[in-house]
Amino acid sequence: MIVHPTTAGMLLAGVLFVLGLISILVRRDIIFMLLSVEIMLNAAGLAFVVASSHWGTADGQVMFIFILAMAAAEVSVGLALILQLYHQLKTLDSDEAAKMNG
Amino acid sequence: MMGTAFYIAAFIAILATVMVITRYNIMHALLYLVVSLLAVAVVLYLYGAPFMAALEVIVYAGAIMVLLIFFVMMLNLGKESAAQEKLWLKPRIWIFPSLLCIILLGELVFLVLQNHQPVSEVKMVNPKEVGIALFGPYIMAVELTGMLLMAGIVGAYHLGRQKEKTLHRFLENDQS
């Protein structure tokens, strides 16, 4: 069976994205939710690079660089937030944060 | 030839990602996440973007993973952490991710040695074009990304700062 390379790459990106989405919906550990966001961002970047190689233009790879920078900023702020949450609640369960008031 | 290499890397990426989302221990999940990112880097190399593959390894599998591992290690304070680390690094835990990594490395070495060219449907985009596009029409987005990173630094510093304890001056005199 011959699959066009663009189709195969897009399918891989879609599968990785859905796995990240399932993980962020199922897991309650807040670090795992951050990891799932990383997986989803990575899948989106892969889709951009596959599209870029399909059309033979550099735009998709430029978007991949932006996604990379955005993921770095996101993970640093996310980890700082998790640290604050851990100091306040003494747990990494995201359900505990639902009771946060004041 | 590209088909086989792509399917091996894609299979490893999906397998490692499934292992990430089914682990209960965060360190085991991080080990598999590194394997998943390396597999995606090989896929990027196959799609004619070697510079993006290098960036993926350096930034994702290097910087972001080190940040996460450092953070997880920092949260595990206390006496039990040493015994727990010994428990984490049993050969049973790291032998399977290492096996996947060795397969990926072999595949990459094979592709580099045979002076790999992408198949005809996939067009190679060299880093020079990416740089010209990045600092030509996309210069505004580059500046916005710089502002985003600046906001990230300031936000992380502000959120990560410990709240300083303010004691009443009588209590301060008691302690000293």
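Rules used in this analysis
Residues numbered from 1 in each chain as written. Chains lettered and ligands numbered in written order. Predicted model: local features only at pLDDT ≥ 70, side-chain atom pairs only at ≥ 80, totals over all residues. Helix = DSSP H or I, 4+ residues; strand = E, 2+ residues; numbered from the N terminus. Rg over C-alpha atoms; globule rule 2.2 N^0.38 Å. Buried ≥ 20, exposed ≤ 12 C-beta atoms within 10 Å, placed from the backbone. Contact = placed C-beta atoms within 7 Å. Core = buried A, V, L, I, M, F, W, Y, C linked by C-beta atoms within 7 Å. Nonpolar A, V, L, I, M, F, W, Y, C, P; charged D, E, K, R; others polar. Axes fitted to C-alpha atoms, helices over the stretch in contact; angles between N-to-C directions. Parallel < 35°, antiparallel > 145°, perpendicular 65-115°, else oblique. UniProt positions renumbered as here; feature names shortened; annotations may be inferred.

**Things to note about the overall build of chain A**
- For chain A, the count of helices and strands is 3 helices and 0 strands.
- Counting helices and strands in the order they occur from the N terminus, chain A gives α-α-α.
- Here chain A has a C-alpha radius of gyration of 17 Å; the compact-globule value for 102 residues is 13 Å, and the former is much larger.
- The dimensions of chain A, computed from C-alpha atoms along their principal axes, are 55 × 30 × 15 Å.
- Per-residue burial for chain A yields a buried fraction of 38% across its 102 residues.
- At a minimum sequence separation of 6, the contacts of chain A that also span at least 24 residues come to 49%.

**Brief notes about the environment of B:M27**
- With respect to the helices and strands, B:M27 occurs in helix α2 (residues 26–46).
- In this structure the C-alpha to C-alpha distance between B:M27 and B:I93, which are 66 residues apart in sequence, comes to 9.9 Å.

**Observations regarding the nonpolar core**
- In terms of nonpolar packing, the biggest core is built from 65 residues, with A:L46, B:A9, B:A13, B:A39, B:V43 and B:L44 touching the most fellow members.
- Among the elements of the structure, α1 (5–26), α2 (30–55) and α3 (59–89) of chain A together with α1 (2–22), α2, α3 (50–75) and α5 (91–113) of chain B are those that each provide at least two residues to this core.
- Sort the elements by how many residues they give to this core and α2(B) lands first, with 17 residues.
- Beyond its immediate chain neighbours, meaning those up to four positions away, B:V43 contacts A:G9, A:L12, A:L46, B:F6, B:A9, B:A10 and B:A13.

**Focus: the interface of chain A and chain B**
- On the side of chain B, 47 residues touch chain A, which itself brings 45 residues to the contact.
- Mapped by element, the contributors of at least two residues to the side of chain A that touches chain B are α1, α2 and α3 of chain A.
- Per element, the largest residue contribution to the side of chain A that touches chain B is 21 residues, and it comes from α3(A).
- By residue class, the composition of the side of chain A that touches chain B is 32 nonpolar, 11 polar and 2 charged.

**A word on the packing of α3(A) against α3(B)**
- Running from amino to carboxyl end, α3(A) crosses α3(B) at an angle of 0°, the nearest separation of the two axes being 11 Å. Between α3(A) and α3(B), the interaxial angle falls into the category roughly parallel. Residues A:Q61, A:F64, A:I65, A:L68, A:A71, A:A72, A:V75, A:S76, A:L79 and A:Y86 of α3(A) touch α3(B), and the partners they reach there are B:M52, B:L55, B:V59, B:A63, B:I64, B:L67, B:F71 and B:L75.
- Counted by class, the contact of α3(A) with α3(B) contains 16 nonpolar, 2 polar and no charged residues.

**Describing the UniProt feature "transmembrane region" (unreviewed entry) in chain A**
- The UniProt entry lists residues 6–26, 31–51 and 63–83 of chain A under the feature "transmembrane region" (unreviewed entry), expressed in the numbering used here.
- In this annotation, residues 63–83 of chain A is assigned 100% helix and 0% strand; the end-to-end C-alpha distance for the span is 30 Å.

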